[in-house]
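Chain by chain, the residues:
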Amino acid sequence: MSAIIDFCGPWWPWVRMLLFLVGTAAFAGLNAAYLVWCERKIAAFVQRRPGPMEVGPQGLLQPIADAAKLLAKQMLTPPAVDTILYRIAPVAMIIPALMCFVVLPYGDALMPTRIDLGLLVVFALSAFNVISLMLAGWSSNNKYAIISSARVVSQNVAYEIPMLLTIVTVILVTGTTDLGTIVGQQGGWFWNWNILRGIWTLANPLVPISFLIFFICMLAETNRAPFDLAEAESELVAGSFTEYSSMGFGLFFMAEYVNIVVGCSLATVIFLGGWQTGLGNLLSFLPDWAAAFVGLGAFFAKLYAMIFVVMWIRWTFPRTQFYGLLNLSWKVLIPVALFTLLLSSILVKLPNLF
Amino acid sequence: MLLLNKEEALARVAAHHVGGPNETFVLNLGPQHPATHGVLRVKLTMDGEYIRKAECVIGYIHRMHEKMGENRTCAQFLPNTSRLDYLSACQYTHAWTGVVERACKIEVPQRAEYIRVITSELNRIASHLVGWGAWVMDLGGLTPILYAFDDREKILDLMEGICGARLTYCYYRVGGVVNDIDDAFIQGAKAFVPYMRERLKMYKDFVTDNVILRKRLEGIGIIDQDMCLRYGACGPVIRGSGIANDTRKTEPYSAYKDFDFDIPVYNECDSMARYLVRMDEMEQSLRIIEQALAKLPEGPFINPKVPKLLKVPAGTYTYATEAGRGRFLVRMVADGSDKPYRVKLRTPCLSNLSLAEEVCEGMILPDAIAFLGSLDLVIPDIDR
C-alpha cells in the first residue's frame, strides 16, 4: 500500500479520489443490479418457486439482461409533461443516493471522506428523494402519479421526524456526528455496539426500541412494503414513475435499491458497530490487512442480513392503510422517539448533577 | 390511436382545469388497471384521495350469451354457460343442465347428482382460492396467491383427470355427467380433504390473523342488510351482512338435501366478514365432499334415455344454483322447438357490483380497492 502511495507522490489524493469514485459507483451499481436478483430469488423462495433461472446459471445474468433491455428501449416523453422537470427527476433521484456513499465508512481505511458532520450529510442527501419523487409525479401530468407524489410527501415528512429523533438520541450518547468515530467507539465485544451498550451503561436502556423505530422509518422512507403506498401497484399502477420508460424508469428502480443499501449501511454503522466484528480481541492476532478484510466481511454480513429482513418483510406482509401509516408515525413512533430522547438526555445529564 | 402534439395536449389539460376549493378530478380505474382484474372500468370522481362519486362502466366484455342461447339448441348452449363465470364453471353448467332437465322432466341418477355435488364443491374451493389470493394481492400481500394456486392446482388436476378441461369444464350433461369418476379421482379427492384443512389452518395463522390485513378490512366497506336486499346482493356478500341466504339451503337442488353442512354467516357487514365467510365456506365444502365421497351410490352416471335432440315443451322454467360468487339463476322461456325462445341469465356479480357505487362514496382510494376485492368480481360474469 505504502509503495503505491510513494509511487503516486503528490498525485496520491487524486488517485485515491478516483479509486473511491470508481469503487463506490461500482459498489452501488452492482448492488442495485444484484439486489434485484436477490429480491427475486428471495421472493421466489418465500413463494416456493424457482425464480429467475433462464439467463445464466441460476439466472445470475438476469440483471444484466434487464439492464440491457432497459437501455435498448425507447425513452418515451408523453405529450403534456413538463419536459425539463420530467428529465431532471430520475437524475435527481439517483445522484443524492449515490452521494451518500461519499461519507459512509465501510472500514477503517475504507472511508472515502471523513467529515465531522457525516451523519448529517447522509440525512441531508437521503431526504432529497422526496423532492425527486414529487417532481416525477408532478411533471408526469398523470393523475395516478400525482396522487402518488402527494402520498410520498406526506409519508416521508411523517417518517423523517421520528427517524431524526432517534438519531439525536444516539448522538447524545455518542457525542459526535462523525461516522468513523461512532464506529470506533463500538469496538471490543458486541455488547459495545450502540444497540446494546445503552442498556448496560444505562446511557439509554431504550436503544433497541430506537433501532426498531429507525428500521421502520427506513422502510417507510425508502417506500418499501408494507409502506409502499407511493408505488402501490394494485392502486396506482407504478406510482410516481408510471409514465417513465427505459432508463428513466431504470434510474428510479436503481435508486430504490441504492437507498436501501444506504439505509441499511447507516443502521449498521450507527447501531450495529459498523465494521467491528464484536469478538473483542479474539482476532487481534490477525495482521492489519487481514483484520481490514474481516472488518469488511463483518460489515457486509450485518448489512446484507438487514437487507434480507427488508426483503423478507416485503414478501410477507400486505400493505398498510394510508391513514394507519400516518397514525403509526404521528401517534406512536414520534411520542416514543421523543420519550427515548427525553430519557436519554436526562440519563446523560444525571451523573453531572451529583 | 389519438396522438396529440404538445400544444394540443396542454390545451386539453387546461380546458379540464376548473380550480377552486371544490375542485375534483375524474380518475379512470380501468378498463386496464391491475386492481379490476379484467375489463371493468370505474369512473371515480375524486376529491384528493377521497371518492366523491363512483360510476361503474360495464360492457367491455359483453359477448351476447343470452342471445346466443336463443340461437342454439340446449346441448349446444351448454359450453357457453361455463364461460360466464369461468371460476365457477361447474355450478353454471349445473344450472343450465338443471333447467333443461326440469323442463324435459329428465331423471338424473343419484350417482350423477353426487358426482355433481363433489365437483361443484371442489370448484367452489378453487374459485374461493383464486378470489382470496387475488384479493390479498390487491392489498399488497403478493405471496398468498401462489400458495392458493398451488392448492388450486390439485383441484384442477383432479378435474382434468375426469373431464379433460382445467378451467371451463363442460362436465355436466343433460341427465348426468359425461364420464364416470374413476378411482384416481376418488383417492385424490379423499387425500385432498385433510390436506386442504391443514392449509386452511395455515392461511388462518399467516394471513387472516395478520394485524395489517385485519386493519385494512375491518370496518371497511359496510354493506347493511337493507342495502343488500335493495340491490339483490347474493353469495358471500349477503352472508357477510348477516343474512343466511344460500340456494343450497333455501331451495335445495341436486343432492344437497342429503348432506349436513352449515351456512357461514357473519353480522359485521364489513369486508372482513365477507373474507371470513369465504374462508369458512371452503371448510364447509370440504365437509360436503367428505360426506359425498363416503356415501357415493353405485349406478349409472348418466340417464341413458335422454333423446339426442331435445325439444323443450312450451313454458317458463327456472333453475338456480349457488355458485362461488352467489346465486346463479337461469330462466328459460321455451316455445316447444329445439331452441329456447328466450334465455335470461341472472348472474351474481352484476348485482354485487351495483352495490359498489353507493358504498364507494366517501371512501379513500385504497379502501375502495380493498372493498372491490371483497366483492370478488369476475368481469365476464357481469357483462355476459
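Worth saying up front: this structure is predicted, and the values here are computed from it rather than measured.

If you tally the helices and strands in chain B, you get 16 helices and 8 strands. By the compact-globule yardstick of 21 Å for 384 residues, chain B fits well, its C-alpha radius of gyration being 22 Å. Each principal axis of the C-alpha distribution contributes one length, and for chain B these read about 75 × 50 × 40 Å. Split into buried and exposed, the 384 residues of chain B put 58% on the buried side. Summarising the internal contacts of chain B: among those between residues at least 6 apart in sequence, 70% fall at separations of at least 24. The positive charge centre, built from 47 side chains, and the negative charge centre, built from 50, are 5 Å apart in chain B.

So, on to the domain arrangement of chain A. Residue and element names in this part refer to chain A. In terms of domains, chain A is made up of domain 1 (1-72) and domain 2 (76-353). The gap between the C-alpha centroids of domain 1 and domain 2 is 20 Å. Contacts between the two partners involve 18 residues from domain 1, matched on the other side by 25 residues from domain 2. Both sides together, the interface formed by domain 1 and domain 2 hides about 1,900 Å², and carbon and sulfur atoms give 77% of it.

Attention now moves to the domain arrangement of chain B. All names here are of chain B. The domain boundaries assigned to chain B delineate domain 1 (6-57) and domain 2 (65-382). Centre-to-centre separation of domain 1 and domain 2, based on C-alpha positions: 34 Å. Listed as interface residues are 21 residues of domain 1 and, on the opposing side, 17 residues of domain 2. Applying the counting rule to domain 1 against domain 2 returns 0 salt bridges. The interface formed by domain 1 and domain 2 holds 4 residue pairs in polar contact (both at pLDDT 80 or more) in total. Those elements that provide at least two residues to the side of domain 1 that touches domain 2 are β1 (25-29), β2 (41-47) and β3 (50-57). Element by element, the count of residues in the side of domain 1 that touches domain 2 is highest for β3, at 7 residues. For the side of domain 1 that touches domain 2, the class distribution of residues is 13 nonpolar, 4 polar and 4 charged.

Let's shift gears to the packing of aromatic side chains. Applying the stated criterion to the full structure yields 28 aromatic pairs over all chains. For the pair Phe-211 of chain A and Phe-271 of chain A, a centre-to-centre distance of 5.2 Å together with 65° between the ring planes defines the contact as edge-to-face. Remark: Phe-271 of chain A occurs in helix α12 (residues 246-271) and Phe-211 of chain A occurs in helix α10 (residues 207-221); sequence separation between them is 60 residues. As far as the burial class goes, Phe-211 of chain A and Phe-271 of chain A line up, both buried. Their ring planes at 70° and their centres at 5.7 Å tell us that Phe-253 of chain A and Tyr-257 of chain A sit as a pair that is edge-to-face. Separated by 4 residues within a single helix, Phe-253 of chain A and Tyr-257 of chain A lie in helix α12, roughly one turn from each other. Exposure remark for Phe-253 of chain A: the relative accessible area of 30% places this residue in the partly exposed category. Here the aromatic residues Tyr-86, Phe-241, Tyr-244, Phe-249, Phe-252, Phe-253 and Tyr-257 of chain A are joined through ring pairs into a cluster of three or more. A cation over an aromatic ring shows up here: Arg-152 of chain B above the ring of Phe-149 of chain B, its NZ or CZ 5.0 Å from the ring centre.

Residues and elements named next belong to chain A. Applying the stated criterion to the full structure yields 4 cavities of 30 Å³ or more. Taken together, Val-122, Phe-123, Ser-126, Asn-129, Met-163, Met-218, Glu-221, Thr-222, Asn-259, Val-262, Gly-263 and Leu-266 form the lining of the largest cavity. Looking at the lining of the largest cavity, the elements that each hand over two or more residues are α5 (118-126), α10 and α12. No other element matches α12, which puts 4 residues into the lining of the largest cavity. The residue inventory of the lining of the largest cavity, partitioned by class, reads 6 nonpolar, 5 polar and 1 charged. For the second largest cavity, the calculated volume is near 120 Å³. The set of elements that each furnish at least two residues to the lining of the second largest cavity consists of α6 (128-140), α7 (143-174) and α12. Classifying every residue of the lining of the second largest cavity gives 6 nonpolar, 6 polar and 3 charged.

This next bit is on the interface of chain A and chain B. You'll often see interface size given as the accessible area lost when the parts meet. In this assembly, 27 residues from chain A lie in contact with 39 residues from chain B. Buried surface at the junction of chain A and chain B, both sides included, amounts to about 2,700 Å², of which 58% is carbon and sulfur. The tally of links between chain A and chain B comes to 2 salt bridges. Arg-48 of chain A serves as the salt-bridge partner of Asp-150 of chain B, at 2.5 Å between the closest nitrogen and oxygen. Where chain A touches chain B, the interface holds 11 residue pairs in polar contact (both at pLDDT 80 or more). When residues of the side of chain A that touches chain B are traced back to their parent elements, those giving at least two are α7, α11 (233-236) and α14 (322-353) of chain A. Here the side of chain A that touches chain B is built from residues that sort into 14 nonpolar, 6 polar and 7 charged.

Residues and elements named next belong to chain B. A sheet is described by the order of its strands in space; here 3 strands give the open sequence β6-β7-β8, paired in antiparallel fashion. Here the strands that pair on one side only, and so sit at the sheet edges, are β6 (315-323) and β8 (340-346). Between one strand and the next, the sheet's axes are offset by a mean angle of 15°, whatever the strand orientation. Where strand β7 (residues 326-334) and β8 come together, 6 bridges link them in antiparallel fashion.

On to unusual backbone geometry, then. In this structure, Asn-141 of chain A is a non-glycine residue whose phi angle is positive, near 60°. Mapping Asn-141 of chain A onto the fold places it in the loop between α6 and α7. Of note in the backbone geometry, Cys-269 of chain B takes a positive phi value of approximately 70° without being a glycine. Tracing the backbone through its elements, the reader meets Cys-269 of chain B in the loop between α11 (247-250) and α12 (271-294).

Glancing now at the nonpolar core. Ranked by internal contacts, the top residues of the largest apolar core, which has 81 residues, are Trp-96, Val-100, Ile-125, Met-196 and Tyr-275 of chain B. In terms of residues, this core owes the most to one element, helix α5 (residues 110-138) of chain B, which gives 11 residues. If we ignore the near neighbours within four places in the chain, the residues touching Ile-125 of chain B are Ile-155, Phe-192, Met-196, Met-282, Ser-285, Leu-286 and Ile-289 of chain B. In terms of nonpolar packing, the next biggest core, distinct from the first, is built from 72 residues, Ile-42, Val-261, Val-269 and Trp-275 of chain A among them.

Before going further, it helps to examine α14 of chain A. Residue and element names in this part refer to chain A. Helix length check: α14 (32 residues) gives 45 Å between terminal C-alpha atoms against 46 Å at 1.5 Å per residue, within 8%. Taken as a whole, α14 carries its principal kink of about 35° at Leu-333; the proline Pro-335 stands between one and four residues after it. Along α14, the residues that are buried comprise Phe-322, Leu-325, Leu-326, Ser-329, Leu-333, Ile-334, Ala-337, Thr-340, Leu-341 and Ser-344. Where α14 is buried, its residues contact α7 and α10.

If charged atoms from side chains of opposite charge come close, those side chains can pair. All names here are of chain B. All told, the structure shown has 37 salt bridges over all chains when counted by the stated rule. Notably, a salt bridge pairs Glu-66 with Arg-342, separated by 3.6 Å at the nearest N-O pair. Of this pair, Glu-66 sits in helix α2 (residues 65-70) while Arg-342 sits in strand β8, and the two are 276 residues apart along the sequence. Of the residues examined, Glu-66 reaches a relative accessible area of 16% and is grouped as buried. On the accessibility criterion, Arg-342 (30% relative accessible area) is partly exposed.

Thresholds applied
Residues numbered from 1 in each chain as written. Chains lettered and ligands numbered in written order. Predicted model: local features only at pLDDT ≥ 70, side-chain atom pairs only at ≥ 80, totals over all residues. Heavy atoms only, no water. Helix = DSSP H or I, 4+ residues; strand = E, 2+ residues; numbered from the N terminus. Rg over C-alpha atoms; globule rule 2.2 N^0.38 Å. Buried < 20%, exposed > 50% of the residue type's maximum accessible area, 1.4 Å probe, protein only. Contact = heavy atoms within 4.5 Å. Lys, Arg positive; Asp, Glu negative; His and termini not counted. Charge placed at Lys NZ, Arg CZ, Asp CG, Glu CD. Domains from an automatic or database assignment. Buried area = accessible area lost by both parts, 1.4 Å probe. Salt bridge = Lys/Arg side-chain N within 4 Å of Asp/Glu carboxyl O. Polar contact = N/O pair within 3.5 Å; in protein donor to acceptor, adjacent residues only side chain to side chain. Nonpolar A, V, L, I, M, F, W, Y, C, P; charged D, E, K, R; others polar. Phe/Tyr/Trp six-rings, centres within 6.5 Å; stacked < 30°, edge-to-face > 60°. Lys NZ or Arg CZ within 6 Å of the ring centre and 35° of its normal. 1 Å grid on protein atoms, 1.4 Å probe; cavity = no way out; pocket = protein on both sides within 12 Å on 5 of 7 lines; lining within 4 Å. Points joined across faces, edges and corners; volume = space filled by probe spheres on them. Pairing = 2+ DSSP bridges. Axes fitted to C-alpha atoms, helices over the stretch in contact; angles between N-to-C directions. Core = buried A, V, L, I, M, F, W, Y, C linked by side-chain atoms within 4.5 Å. Expected span 1.5 Å × (residues − 1). Bend = angle between axes of the 7 residues up to and from the residue.

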